[in-house]
Amino acid sequence: MAFSEFQGNVDTVNRLREMLARDRFPHAMILAGPLGAGKYTLALMLARTMNCLDPKESDGLPDYCGRCENCRRIGQAEDLDARFAEAVEAREGMRDTDKRETRILVQTHPDVMVVPPDPPQMLVKVDQVRQVIQTVRYKPQEARRRVFIFTDSAFMKEAANALLKVLEEPPDFANIFLLARNPGELLPTIRSRCITLTLSPLPAPEIERYLAKSRPEWNERQRQLVARLSGGAVGRARTLNLEEYMTARKDALLLLSTAVRSAEHSDLFHTTETYRAGGEGKEKTDRLLAAVYGLLKDLMALISGAPELVRNTDITAELKSLAAAVDFNWIAQATQQLGHVQSGMRRNVLRPLSLDAFALALER
Ligand SMILES: [Zn+2]
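The rules we used
- Counting of residues starts from 1 at the beginning of each chain's written sequence and follows it residue by residue.
- Reporting in this predicted model follows two pLDDT cut-offs: at least 70 for local features of residues, and 80 or more for side-chain atom pairs to be given and counted; totals over whole chains, interfaces and linings ignore these cut-offs and use all residues.
- Hydrogens are left out, water is left out, and the side-chain values use all remaining heavy atoms of the structure.
- As a rule, N, O and S atoms within 2.8 Å of a metal are its donors, except that Na, K and Ca use 3.2 Å; water is not among the atoms, so sites may look incomplete.
- Every angle between 85 and 135 degrees makes a four-donor site tetrahedral, while opposite donors more than 155 degrees apart, with all other angles between 65 and 115, make a four-donor site square planar and a six-donor site octahedral; other sites are irregular.
- Exposure is judged per residue with a 1.4 Å probe applied to protein chains only, and the accessible area is read against the type maximum: over 50% gives exposed, under 20% gives buried, and values in between give partly exposed.
- Cavity: a set of points on a 1 Å grid over the protein atoms alone where a 1.4 Å probe fits but cannot get out. Pocket: an open set with protein on both sides within 12 Å along at least five of seven lines, its lining residues, like those of a cavity, having an atom within 4 Å of a point.
- Grid points are joined across faces, edges and corners, and a volume is the space filled by probe spheres set on the points.
- The helix and strand labels rest on DSSP assignments: H or I over at least four residues marks a helix, E over at least two residues marks a strand, and numbering proceeds from the N terminus.
- Charged residues are taken to be Asp, Glu, Lys and Arg, nonpolar residues to be Ala, Val, Leu, Ile, Met, Phe, Trp, Tyr, Cys and Pro, and polar residues to be all remaining types, Gly included.

K.L.:
An account of the coordination of the zinc ion is needed here, citing residue identities and associated values.
P.N.:
Taken together, the protein donors to the zinc ion comprise Cys 52 (SG), Cys 65 (SG), Cys 68 (SG) and Cys 71 (SG), at separations of 2.3 to 2.4 Å. For the zinc ion, the 4 donor atoms in the first shell make angles of 102 to 120° at the metal, so the coordination geometry reads as tetrahedral. Sequence spacing among the residues donating to the zinc ion works out to C-x12-C-x2-C-x2-C. You can call Cys 65 buried: its relative accessible area is 13%. Take Cys 71: its relative accessible area is 2%, and that puts it in the buried class.

Given below as structure tokens:
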């Protein structure tokens with residue numbers, strides 16, 4: 001994979017490559033953008049370009065070969081979920097004393113360190129930043145530049161303060177990337193020491209074209225749906241589990257239509273019964289609630305006369321008939337009830353009962 005494979009945001013990507021070409025790449029950079037916009041993919045591409053042993057050019061700008069030892073090993077970090085899971089599993093296997101002292105880091109190349117948020121709190125912790133501080137001042141061993149990639153902007157306070165020290169005077173050979181869905185989450189003092197570049201969401205037709213190549217098994221209708229559900233994020237579009245989504249949405253529709261039409265309840269009870277306790281049931285319920293929320297947003301779009309914002313484009317007719325039966329107040333109430341269901345889930349209220357109560361409370 002080289003830069004030609006990166007989807008969208010051509011101007012921003014070219015700007016970054018120009019900085020590399022002129023050897024004026026900032027030491028600390030915030031890459032902002034929504035989940036799935038390609039922040040991590042781009043950071044790893046830049047890390048490879050900085051360190052490729054057989055540097056390439058494309059469109060007159062620096063590129064990487066993807067085959068040399070440095071490219072290959074840095075590229076192994078691409079599947080972040082898998083590497084993260086391995087690191088967590090390795091820590092779980094340790095003795096308790098070691099476990100406490102071990103922080104999750106992903107390092108497939110000695111000079112490129114990826115710092116994900118540390119579970120269970122899923123925040124970047126001070127010990128992780130200390131690892132960065134310990135390494136940052138040593139010259140790279142096998143690469144030209146040391147690269148640090150923080151994959152999330154959620155830092156514990158102490159960790160953020162420690163990071164500030166690194167950003168005060170990073171050595172010449174070090175590059176630090178902070179990937180942020182919401183840069184506002186970072187301390188202003190951190191932001192002021194970084195250059196911020198933002199990856200924008202992609203227009204739906206662009207994602208559809210991409211999906212036509214990457215997910216040929218989906219038909220046009222499915223591609224349109226996924227492009228809208230992804231909110232303009234290529235990564236989300238590529239990895240969306242359409243089958244799971246369709247199952248969740250079918251139940252979500254039943255839940256809403258039972259409420260709106262005060263229909264016969266037996267179908268509803270039959271369905272909510274399948275939402276069981278335990279981890280698997282939780283994931284299934286989370287997907288259902290997300291689907292309900294998405295449908296409510298679509299209904300809101302229809303009621304406010306903005307049908308172009310509807311994301312579940314394949315069931316527009318059904319949504320229109322539901323929208324005709326509800327008003328703003330109902331949707332507001334439903335959204336609030338949904339919040340109650342979610343907090344009930346956290347308190348382990350029985351899932352089927354909680355879902356039934358949701359539908360019954362909203363009956364017209
Ligand atoms: Zn290379």
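Don't stop here, the text continues.
K.L.:
Any details on the layout of surface pockets? Residues and values, ideally.
P.N.:
Estimates place the volume of the largest pocket at around 1400 Å³. Lining the largest pocket are 42 residues; nearest its centre among them are Gly 36, Tyr 40, Thr 41, Gly 235 and Arg 238. Counting residues per element, the lining of the largest pocket draws most heavily on helix 11 (residues 234–239), which supplies 5 residues. Split by residue class, the lining of the largest pocket holds 17 nonpolar, 12 polar and 13 charged. If you add up the space inside the second largest pocket, you get close to 630 Å³. Lining the second largest pocket are 24 residues, with Leu 240, Tyr 245, Arg 287, Ala 290 and Ala 291 sitting closest to its centre. Sorting the residues of the lining of the second largest pocket by element identifies helix 11, helix 12 (242–261), helix 14 (278–303) and helix 16 (328–346) as the ones contributing at least two each. A breakdown of the residues in the lining of the second largest pocket according to their chemical character gives 10 nonpolar, 8 polar and 6 charged.

So yeah, pure geometry; function would need other evidence.
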